[in-house]
Amino acid sequence: MSTSAVTTEPLPVPTARRPAAGHRVAVLAYPGMSGFETGIVTEVFGLPRPEFDVDWYDLVLCAERPGPVPLVGGASLHTPYGLAELAAAQTLIVPGVPDVTADPSPELVTALLRAHRRGARIMSICSGAFALAGAGLLDGRRATTHWRYAELLAQRYPRVEVDPDVLYLDDGDLLTSAGSAAGLDLCVHVVRRDHGAAIANAVARRLVIPPHRDGGQAQFVEAPVTTDPDDDRIAASIDWALAHLAEPLTVARLAGQAHMSSRTYLRHFARATGTSPIRWLIDQRVRASLSLLEETDAPVEQIAGAVGFDTPVTYRHHFGRVMLTSPSAYRRAFRTGAATARPA
């Protein structure tokens, strides 16, 4: 096929490029990794996004030894990039390790430490936390990993504060996530950090995933599979609640939407979501406020009312619990530059 034929394809394969202002994201490929692990970071950081009109990421796949890297299923990934390129990136991602009972190689540890010393952002997905912990980066820090490995991570690295109940943890320069799919949640969160809520939400829509998933890993721990015809009624009440967040909502009102008693609704809601209706509602209201903080100049008091909190004090309290910061601090950190004076 001629070169001109390739360049005129309607869906061109992204080419290796490094724009002058590009933020380089380096992903560590390892023997035995799955294509899904590669695909997570490629979909978020590797595909060109000209529709956003911002400097997007420059993705490279690296390996401890440049060349072919065997993948699950007999395929092979070939990369010319090694640990030097990994250590030089602005963001490093370790999507897993080949063996959670083995230590990372001294060469990988050196690359991770070098990157950390110069201020790079380092992320892990699933079992990748074992590489970060093995390099000593997680000592005295909070971290998470897949729920199957959480106990082992805590045993092998007792100086790490392992939290097995979250989908991901953002500890500033070190970010860790749970099982592979939770890596998508973390990657979209990073886009939000870098480019704001509007672009993160657009990326999530293209991936057909929610910008935020509620609950923690507990809801995904192995449990007997049941068929509950009442789940549809719970889902319908959730959809209704999302459309009425600014209104006073009680368990009784939500239960009425599901045509259940409050007691029955509480039981079915917990089984379907892993949390309580009020806890879920508070989290949703906090999440709904994020774009208002980022994209408007509305005062916190007005935003609190717009998403259904009775008082600004209540809003600040719950915002701090969910986001581990204050609304004002969040606004300063995630301001998009496109804020307007429109009311919340």
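Predicted, not measured: the structure shown is a model, and the values here were computed from it.

Draft legend 1. The arrangement of the overall build of the protein in detail. In terms of regular secondary structure, the protein is built from 15 helices and 10 strands. A total of 344 residues make up the protein; the buried ones form 46% of that total. In the protein, the proportion of contacts linking residues at least 24 apart, taken out of those at least 6 apart, comes to 65%. Carbon and sulfur atoms make up 56% of the accessible area of the protein, which totals about 16700 Å².

Draft legend 2. Examining the sheet that holds strand S2 (residues 57-63) more closely. Ordered by their spatial adjacency, six strands build an open sheet running S2-S1-S5-S6-S10-S9, and the pairing between neighbours is mixed. Of all strands in the sheet, those bounded by a partner on one side alone are S2 and strand S9 (168-171). When strand polarity is set aside, the average angle formed by the axes of neighbouring strands in this sheet is 15 degrees. As judged from the four bridges shared by S9 and strand S10 (residues 174-177), these two strands associate in the antiparallel manner.

Draft legend 3. Main features of the pairing of strand S5 (residues 91-94). By the alternation rule, side chains of S5 split into Thr91 and Ile93 and Leu92 and Val94, which are all buried. One ladder, built from three bridges, connects strand S1 (residues 23-29) with S5; its direction is parallel. Following the sheet pairing, Val27 is matched in S5 by Ile93. Here S5 runs beside strand S6 (residues 121-124); their pairing, made up of four bridges, is parallel. Counted as the bridge partner of Val94 is Ser124 from S6. Read as a crossover between parallel neighbours, the route from S5 over helix H4 (residues 106-117) to S6 is right-handed.

Draft legend 4. Geometry of the environment of Cys62. By the element assignment, Cys62 lies in strand S2. Separated by 17 residues in the primary sequence, Cys62 and Thr79 place their C-alpha atoms 6.3 Å from one another. Filtering out sequence-adjacent residues up to four positions away, Cys62 remains in contact with Ala26, Val27, Leu28, Ala29, Thr79, Tyr81, Gly82, Glu85 and Leu86.

Draft legend 5. Region of interest: the pattern of salt bridges. Under the criterion given, the structure shown has 13 salt bridges. For Arg141, the salt bridge identified is with Asp171, shortest N-O distance 2.6 Å. Of this pair, Arg141 sits in the loop between helix H5 (129-134) and strand S7 (142-143) while Asp171 is found in strand S9, placing the two residues 30 residues apart along the sequence. Assessed through its relative accessible area of 29%, Asp171 is described here as partly exposed.

Draft legend 6. Region of interest: the packing of aromatic side chains. By the definition in use, this model includes nine aromatic pairs. Relative to Trp280, the ring of Phe269 has its centre 6.0 Å away and its plane inclined at 70 degrees; by these criteria the two rings are edge-to-face. With Phe269 in helix H11 (residues 262-273) and Trp280 in helix H12 (residues 277-295), this pair connects stretches of sequence that are 11 residues apart. The buried category is assigned to Trp280, whose relative accessible area is 5%. Between Phe309 and Tyr315, the aromatic rings sit 5.3 Å apart at their centres with planes inclined by 45 degrees, giving tilted as the arrangement. On the basis of relative accessible area, Tyr315 is assigned to the buried category, the value being 0%. Aromatic rings pair up to connect Phe45, Phe52, Trp56 and Tyr57 into one cluster. Above the ring of Tyr81, the side-chain terminus of Arg24 is found at 5.9 Å from the ring centroid.

Cut-off values and rules
Residues numbered from 1 in each chain as written. Predicted model: local features only at pLDDT ≥ 70, side-chain atom pairs only at ≥ 80, totals over all residues. Heavy atoms only, no water. Helix = DSSP H or I, 4+ residues; strand = E, 2+ residues; numbered from the N terminus. Buried < 20%, exposed > 50% of the residue type's maximum accessible area, 1.4 Å probe, protein only. Contact = heavy atoms within 4.5 Å. Areas by Shrake-Rupley, 256 points an atom, 1.4 Å probe, with all protein chains shown as cover. Pairing = 2+ DSSP bridges. Axes fitted to C-alpha atoms, helices over the stretch in contact; angles between N-to-C directions. Right-handed = clockwise from strand over helix to strand, strands pointing away. Salt bridge = Lys/Arg side-chain N within 4 Å of Asp/Glu carboxyl O. Phe/Tyr/Trp six-rings, centres within 6.5 Å; stacked < 30°, edge-to-face > 60°. Lys NZ or Arg CZ within 6 Å of the ring centre and 35° of its normal.

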